[in-house]
Amino acid sequence: MKFFKKKATSSVTPVIITDDNTQESYELRPVSVHSRMSHHSVDIPVTENVIVSSRANCCQQCCTKENLKEQALLIATIAAVVLGIVVGISLRGLKCPTDDRVNGCRITKEDITYIDFPGKIFINILKMLILPLIVSSIISSLAQLDAQSSGRMGVRALVYYIGTTLIACIIGIALVLIIRPGSRGAPPVNPSDTEAPQGRIIDTVLDLFRNLFPDNIMEATFRSYATELKKENKSFISPIDNTTYYKNVYTATVTKRDGINVLGLLIFCIIFGILISRLKEKAVLLKHFFEAMLEVVMQLVGIAMLYSPIGIFFLLTAKMLEMDNLADFVGSLGLYMVTVLAGLFVHGLIVLPLLLFLITRINSFKYIRGMSQALVTAFGTASSSATLPVTYRCVEEKNHIDPRVSRFVLPLGATVNMDGTALYEAVAAIYIAQLNNIPLNAIKIILTSLTSTLASVGAASIPQAGLVTMVIVLNALGLPADAVGTIYAVDWLLDRFRTAINVFGDSIGCAIVQHLSRKELAALDEKKNDSTTVLPLLVSNLEPASNTPRDTLKHQSNHDVSSSYHSPIIMTPM
């Protein structure tokens, strides 16, 4: 017999509603009989029917049309990644070694470009949205903040980005020194036709400042500064024995390359948005314009994401067909890949989620699940800038980050925060030193971490931009720059993983900056709420003393009161 069985109860706190306007929106909710808020809870027996109905309501919320649509899109994108790799590997048997279809082969290099075409269209669509997204998001977010709040938010974001980048470098250096991939396995073959790009760290620093202050803001939307080093083999006469010798001389030339100057646009939009917030009513039209522009761009992003599974599938299929030899993934180069991937997973799955939980107390697993669509897109496109529209949606809609924070922090992170790139460059530099039996002391290892951090900031957020900045790190350590060709065979795959880590680090930065800026955001919300209550108070003071019906007063407040308040009453003669 089941005596003394405890009934299921539900704790309900009575709600006090004293305002008539509030009463209209809460007509179905219970009201306390007391005139003040009751802090006592009442235990009400809950039957099985109530429990079943609550579960049904929960299922209805989880199985809404919008949620099912998002889940289907995510599943389709992940399936596109898997199918793209599988189909690409299975079609390698039909790949022709030359441009002619001989010996039963069917797929030439020209055919691969056709396979890659739908994927290129997808990347072009995302890149098309980058410029209006960056401009509208930064200006609209800073227009809602004051200069002091935006300055503090920017400092916190930069400190987070620099700190996590240094942590990523340290993780990569520790792993490459422990595993030592350059001292094990068969050494990779450096292709003779691969010419390494040249670069110096001083040129990178100067290019950063040149791009920060462009001479033409319209040109900055499609061009940026870059320093090119031209190699010339010149002859010299020795002053000692008058003998002639030849030496390679590099001449630095400042040019302009195609691509958005994100740094210049960031500085311009930040100053523009801060000035809009300071002008207040005078610039309210500009504020509303950029807010509406951002809403339109986000709608375009939602439409573009419907094409993402198709684009990612063809991108990965073509990339697997372009790969020359699967044997590149074994031997010393395979260990190098394992080292880089281990460092990326440690940083992305342990360090960053741990920072998120310790600082904000947010469930890291739910946050990662909310960012899954952006991470898969980053893996497919290998570009953090192209993934920026998707990152906005995941951060704001899935993880509920304040748009005032995400619209300012994400564009900054897509340019400055390169955790995965810094880790990759540190590991690659020490790996090349191990291949060439060049010992590195503690000072050079510290120099590797600092140089990798600075070079990663200068890396463009485009596919395989890390190879260019990789040469800067090698030159700073006195290592041969031509050795970059040894890691080129697997760079395309590592580039996709480190891009996903870069995007994930940007999203973690949004949550941390929002948590650290919660007091400033709350103060701005309170100030905004106070300003919105000024007009209703003025209207209430103008109410007549007679018992006017409420509906009549509402109608009068919408027309007569506002007009009488803003303009004087003019008496006309009878």
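Residue numbers restart at each chain and count upward from 1, following the sequence in its written direction. The predicted origin of the model limits local features to residues at a pLDDT of at least 70 and limits the giving and counting of side-chain atom pairs to 80 or more, whereas totals for whole chains, interfaces and linings rest on all residues. Side-chain numbers here rest on the full set of heavy atoms in the structure, without hydrogens or water.

S.K.: What should I look at first to understand the pattern of salt bridges in this one?
M.R.: Opposite charge on two side chains permits pairing when their charged atoms draw close. The working definition used for a salt bridge is a side-chain nitrogen of Lys or Arg within 4 Å of a carboxyl oxygen of Asp or Glu. Evaluated as defined, the whole model comprises 14 salt bridges. D116 is the partner of K120 in a salt bridge, and the nearest nitrogen-oxygen pair spans 3.7 Å. Pair noted here: K120 and D116 are both in helix α4 (residues 109–128), with a separation of four residues, about one helical turn. Here's how the labels work: a residue is buried when its accessible area is under 20% of the maximum for its type, exposed when over 50%, partly exposed in between, all with a 1.4 Å probe on protein chains only. Among the residues examined, K120 registers a relative accessible area of 42% and is labelled partly exposed. Ionic pairing is found between R407 and E396, a salt bridge with its closest N-O pair at 3.5 Å. In this pair, R407 is assigned in helix α15 (residues 403–416) and E396 in helix α14 (residues 384–398), connecting sequence segments eleven residues apart. Comparing R407 with E396 shows no difference in burial state: the two are buried. Working definition: helices are DSSP H or I runs of at least four residues, strands are E runs of at least two. Numbering for both runs from the N terminus.

S.K.: Sorry, what's going on with the side chain of T339 here?
M.R.: Tracing the chain through its elements places T339 in helix α11 (residues 331–360). Under the relative-accessibility criterion, T339 is labelled buried at 0%. Pairs of residues are marked as contacts when any of their non-hydrogen atoms sit within 4.5 Å. Contacts of T339, omitting those with residues within four sequence positions, involve L175, V176, I179, P181 and V427.

S.K.: For this particular structure, what's the right way to read unusual backbone geometry?
M.R.: Negative phi characterises most residues that are not glycine, and trans characterises most peptide bonds. A positive phi is found at A382, a non-glycine position, where the angle reads about 60°. For A382, the position within the fold is in the loop between α13 (372–381) and α14. By relative accessible area, A382 is classed as buried at 5%. Of note, the phi angle at H400 is positive, near 55°, even though the residue is not glycine.

S.K.: It is not clear to me how the pairing of strand β4 (residues 244–258) should be interpreted in this structure. Could you clarify?
M.R.: For a regular strand, side-chain orientation follows a simple rule: the groups alternate between the two sheet faces. Here strand β3 (residues 223–237) pairs with β4 via 15 bridges, running antiparallel. Each bridged residue has a counterpart across the sheet, and for E232 the counterpart in β4 is V249. Strands are labelled as partners when DSSP assigns at least two bridges between them. What sits between β3 and β4 in their antiparallel hairpin is a turn of six residues, with N242 showing a positive phi close to 55°.

S.K.: Just to check I follow, could you spell out the side chain of S308 for this structure?
M.R.: Here S308 lies in helix α10 (residues 308–322). What qualifies as a polar contact is a pair of N or O atoms within 3.5 Å, subject to a donor-acceptor requirement within protein and to the restriction that residues adjacent in sequence count only when both atoms come from side chains. For S308, the side chain forms a polar contact with the main-chain oxygen of M305, separated by 2.6 Å.

S.K.: Sorry if this is basic, but what is going on with the confidence of the model for the protein chain here?
M.R.: In low-pLDDT segments, the atomic positions of the prediction should not be examined closely. Every residue gets a pLDDT, meaning the predictor's confidence in that residue, from 0 to 100. Per-residue confidence for the protein chain averages 77 on the pLDDT scale, and 74% of its residues sit at or above 70. At the low end of the mean pLDDT range in the protein chain sits helix α23 (residues 560–566), at 39; at the high end sits helix α12 (residues 364–370), at 93. Confidence over residues 1–42 falls short of pLDDT 50; this stretch has 43 contacts with residues more than four positions distant or in other chains. Counted against residues more than four places away or in other chains, residues 545–574, with its pLDDT under 50, gives twelve contacts.

S.K.: Would you explain the state of the cysteines in this entry?
M.R.: Cysteine pairs can be linked by a disulfide, which is a covalent bond between their two sulfur atoms. For this text, the term disulfide refers to a pair of cysteine sulfurs within 2.5 Å. In the structure shown here, the tally under the stated rule is one disulfide. Residue C96 pairs covalently with C105 via a disulfide, S to S 2.2 Å. As the torsion about the S-S bond is roughly 100°, the C96-C105 disulfide counts as right-handed. C105 matches C96 in its accessibility class, with the two residues each being buried.

S.K.: Explain a nonpolar patch on the surface here, please?
M.R.: There is a patch of nonpolar side chains on the surface, built from L158, I162, L166, I446 and L450 and spanning about 430 Å² of accessible area. Only α6 (147–179) and α17 (442–458) provide two or more residues apiece to the nonpolar patch. Here the nonpolar patch takes three residues from α6, the largest share from any one element. Here, patches come from residues exposed beyond 30% relative accessible area and free of salt bridges, joined within 9 Å for like charges and within 5 Å for nonpolar side chains (Val, Leu, Ile, Met, Phe, Trp, Tyr). The protein chains shown are the only cover counted for residues, whose accessible areas, like all others here, come from Shrake-Rupley with a 1.4 Å probe.

S.K.: It is not clear to me how the packing of aromatic side chains should be interpreted in this structure. Could you clarify?
M.R.: The description of an aromatic ring pair rests on the distance of the ring centres and on the angle between the ring planes. Here a Phe, Tyr or Trp ring, Trp counted by its six-membered ring, pairs with any other such ring whose centre lies within 6.5 Å, and the pair is stacked when the planes are under 30 degrees apart, edge-to-face when over 60, and tilted otherwise. What the rule picks out here adds up to nine aromatic pairs. When the centroid spacing of 5.1 Å and the interplanar angle of 70° are considered together, the rings of F379 and F497 count as edge-to-face. Of this pair, F379 sits in helix α13 while F497 sits in helix α19 (residues 488–516), placing them 118 residues apart in sequence. Three or more aromatic residues joined by ring pairs form one cluster here, namely F268, F272, F289 and F290.

S.K.: Can you help me understand α11 in this one?
M.R.: Because each turn of an α-helix spans 3.6 residues, side chains separated by three or four positions end up pointing in the same direction. Take the number of residues in a helix, subtract one, and multiply by 1.5 Å to get its expected span. With 30 residues, α11 extends 42 Å from end C-alpha to end C-alpha; this agrees with the ideal 44 Å at 1.5 Å per step. The term bend refers to the angle at a residue between two fitted axes, each drawn through seven residues, those ending there and those starting there. Its maximal kink placed at H347, α11 deviates by approximately 30°. A positive phi of about 65° marks R361, the residue just after α11.

S.K.: Can you help me understand the nonpolar core in this one?
M.R.: The tendency in soluble globular proteins is for nonpolar side chains to be buried as a group. For this analysis, a nonpolar core means a set of buried residues of the types Ala, Val, Leu, Ile, Met, Phe, Trp, Tyr and Cys, connected via side-chain atoms within 4.5 Å. Within the largest apolar cluster, 58 residues are counted, with the highest numbers of intra-cluster contacts made by Y367, V409 and I508. When residues of this core are assigned to their parent elements, the largest contribution, eight residues, is made by α19. Excluding residues that lie within four positions of it along the chain, V409 makes contacts with A157, Y161, G509, C510 and V513.

S.K.: Hey, could you run me through the environment of R180 in this one?
M.R.: Relative to the assigned elements, R180 resides in the loop between α6 and α7 (201–212). A C-alpha to C-alpha distance of 9.3 Å links R180 and S332, two positions 152 residues apart in sequence. In contact with R180, other than residues within four places in its own chain, are L175 and Q434.

S.K.: I'm lost on the environment of P411 in this one. Help?
M.R.: Its location among the elements puts P411 in helix α15. Between the alpha carbons of P411 and Y392 there is a distance of 9.6 Å; along the sequence they are 19 residues apart. For P411, the contacting residues outside a window of four places in its chain are I134, S137, I138, L266, L388, Y392 and S406.

S.K.: It is not clear to me how the UniProt feature "transmembrane region" (unreviewed entry) in the protein chain should be interpreted in this structure. Could you clarify?
M.R.: UniProt positions are given in the numbering used here, feature names are shortened, and annotations may be inferred rather than shown by experiment. Per the UniProt record, "transmembrane region" (unreviewed entry) is annotated on residues 72–91, 121–145, 157–179, 259–276, 296–316 and 336–359. A distance of 37 Å separates the end C-alpha atoms of residues 121–145, which is 84% helix and 0% strand.

S.K.: So what exactly am I meant to see when it comes to the packing of α6 against helix α16 (residues 419–435) here?
M.R.: Each pair of packed helices can be summarised by the angle the axes make with each other and by the distance between the axes. Every axis corresponds to a line fitted to the C-alpha atoms, with the helix fit spanning only the stretch in contact, and the corresponding angles, defined between N-to-C directions, vary from 0 to 180 degrees. Between α6 and α16, whose axes approach to 8 Å, the crossing angle comes to 30°. Classified by the interaxial angle, the pair formed by α6 and α16 is roughly parallel. Relative to α16, α6 is oriented so that their crossing is right-handed. Judged by residue contacts, Y161, T164, T165, A168, C169, I171, G172, I173, V176 and L177 of α6 engage D419, A422, L423, A426, V427, I430, Y431 and Q434 from α16. All amino acids are sorted into three groups, where Ala, Val, Leu, Ile, Met, Phe, Trp, Tyr, Cys and Pro are nonpolar, Asp, Glu, Lys and Arg are charged, and the leftover types, Gly among them, are polar. The residue inventory of the contact of α6 with α16, partitioned by class, reads 13 nonpolar, four polar and one charged. In this scheme, roughly parallel covers angles under 35 degrees and roughly antiparallel covers those over 145, while 65 to 115 is roughly perpendicular and the rest are oblique. For a crossing to be left-handed, the near helix must be turned anticlockwise from the far one by less than a right angle; the clockwise case is right-handed.

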